[in-house]
Amino acid sequence: MPTSLSAAEALEELKTGNARFASGVPRADPFNSELAALAGGQSPFAIVLGCSDSRVPIEIIFDQVPGSLFVVRVAGNFLDSDGLGSIELGVEHLKAKLIVVLGHEHCGAVDLALKYVRDGRGQPGYVQEIINAIAPAVRATRDEEGDWYENAIAHNVKRNVTALTAKSNIIADAVDRREVKVAGGIYSVRTGQVKFKVSSCDGYPKVMPLFEARSGSF
Ligand SMILES: [Zn+2]
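Residues numbered from 1 in each chain as written. Predicted model: local features only at pLDDT ≥ 70, side-chain atom pairs only at ≥ 80, totals over all residues.

Visitor: Is there a simple way to think about the overall build of the protein chain in this case?
Guide: The helix and strand tally for the protein chain stands at seven helices and five strands. What you see in the protein chain, going N to C, is helices and strands ordered as α-β-α-β-α-β-α-α-α-α-β-β. Put simply, the protein chain has 218 residues, and 42% of those count as buried. Here the contacts in the protein chain between residues at least 6 apart in sequence split such that 70% fall between residues at least 24 apart. (Helix = DSSP H or I, 4+ residues; strand = E, 2+ residues; numbered from the N terminus. Buried ≥ 20, exposed ≤ 12 C-beta atoms within 10 Å, placed from the backbone. Contact = placed C-beta atoms within 7 Å.)

Visitor: Would you explain the nonpolar core in this entry?
Guide: Within soluble globular proteins, side chains that are nonpolar tend to cluster in buried spots. A46, V48, I87, L98, V100, A113 and I134 are the most contacted members of the largest nonpolar core, which totals 59 residues. Top element by residues in this core is helix α6 (residues 148-167). It accounts for seven residues. Apart from the residues lying within four places of it in its own chain, the contact partners of I134 are G76, F78, A109, V110, A113 and N156. (Core = buried A, V, L, I, M, F, W, Y, C linked by C-beta atoms within 7 Å.)

Visitor: Would you mind going over the environment of A135 with me for this structure?
Guide: If you trace the backbone, A135 turns up in helix α5 (residues 127-140). Setting aside residues no more than four positions away along its own chain, A135 makes contact with A113, Y116 and V117.

Visitor: Any chance you could explain α6 here in plain terms?
Guide: An α-helical turn contains 3.6 residues, so any two residues separated by three or four positions project in the same direction. Along its 20 residues, α6 runs 27 Å from first to last C-alpha, staying within 8% of the 28 Å computed at 1.5 Å per residue. When you tally the buried positions in α6, you get 15 out of 20 residues, the bulk of the element. (Expected span 1.5 Å × (residues − 1).)

Visitor: Explain the environment of G17 here, please?
Guide: Examined against the element boundaries, G17 turns out to sit in helix α1 (residues 7-22). Separated by eleven residues in sequence, G17 and A28 have C-alpha atoms that sit 8.8 Å apart. Beyond its immediate stretch of four places on either side in the chain, G17 contacts F62, D63 and Q64.

Visitor: Looking at this structure, how should I read unusual backbone geometry?
Guide: Negative phi is the rule for most residues except glycine; trans is the rule for most peptide bonds. Even without a glycine there, the phi angle at D63 is positive, about 50°. Within the element layout of this structure, D63 appears in the loop between α2 (58-61) and β2 (69-73). Among the residues examined, D63 registers 20 C-beta atoms within 10 Å and is labelled buried. Its identity is not glycine, yet K95 carries a phi of approximately 60°, on the positive side.

Visitor: So what exactly am I meant to see when it comes to helix α3 (residues 81-92) here?
Guide: Under the 1.5 Å per step criterion, the end-to-end length of α3 is 16 Å for twelve residues, consistent within 8% with the ideal 16 Å. Among all positions of α3, only L84, I87, G90 and V91 are buried. Along α3, the residues classed as buried sweep out an arc of 120° about the axis, all on the same side. Turned more than 90 degrees off the buried face of α3, the exposed positions are S81 and D82. (Arc of directions from axis to C-beta.)

Visitor: Just checking my understanding: could you explain the packing of helix α4 (residues 108-119) against α6 for this structure?
Guide: Working note: a packed helix pair is described by the angle between its axes plus the distance between those axes. Orientation of α4 relative to α6, taken along the N-to-C sense of each, is 115°, at an axis distance of 10 Å. The interaxial crossing formed by α4 with α6 has right-handed handedness. For the pair α4 and α6, the contacting residues are V110, D111 and L114 in the first and W148, Y149, A152, I153 and N156 in the second. Broken down by class, the residue content of the contact of α4 with α6 amounts to six nonpolar, one polar and one charged. (Axes fitted to C-alpha atoms, helices over the stretch in contact; angles between N-to-C directions. Left-handed = near helix turned anticlockwise from the far one by under 90°. Nonpolar A, V, L, I, M, F, W, Y, C, P; charged D, E, K, R; others polar.)

Visitor: I would appreciate a short explanation of the packing of α4 against α5 in the present structure.
Guide: Close contact between α4 and α5 brings their axes to 8 Å; oriented N to C, the two are set at 70°. Viewed along their axes, α4 and α5 adopt a mutual orientation that is roughly perpendicular. Here A109, V110, L112, A113, L114, Y116 and V117 of α4 lie close against α5, whose contacting residues are I130, I131, I134, A135, V138 and R139. Residue composition of the contact of α4 with α5, grouped by class: twelve nonpolar, no polar and one charged. (Parallel < 35°, antiparallel > 145°, perpendicular 65-115°, else oblique.)

See the structure below:
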């Protein structure tokens, strides 16, 4: 049975769960009596694309038990084809109602991308692949007012929120049918709080002009 929560209720559950975590009174017990029942199947209510950063453990910061969240994690919380496939699986097969792209303050992957764009400092191995995926968000915020690093973190979230529906017909169709909503948030590693910045619930545009949706790699 898929979740009985609506997309709006799923977002509210994440907000209240994060409030419990941030205030130091979480209640999720990962070894609760319902654990064995999950052997029969899963019905996560939300999908989260988050960063690999050890300070941002997704289930913990939203105070959720196993079976609740379908999570994709990659340094820099950006979409690639594997991540997109996982999210499509969560939408199409598991009927999750909400997709959240979650960035965070002091993201090391975005910092490396900033150093690459600003100073031309690349990284060895596959780390550069990650930098290349985040660099467009850094370039797009070069002339914005305020802190370039913070702006790039926020733009990287927006860009990947937009990419969900721009790249995936499965997700776009589910959003059009109002079965799924998409949101973006930023987690504070200082306070433990998530601020939801952008959301299709708030009329967030499906396609941003800055995002070159069909121009090649993510
Ligand atoms: Zn990060």
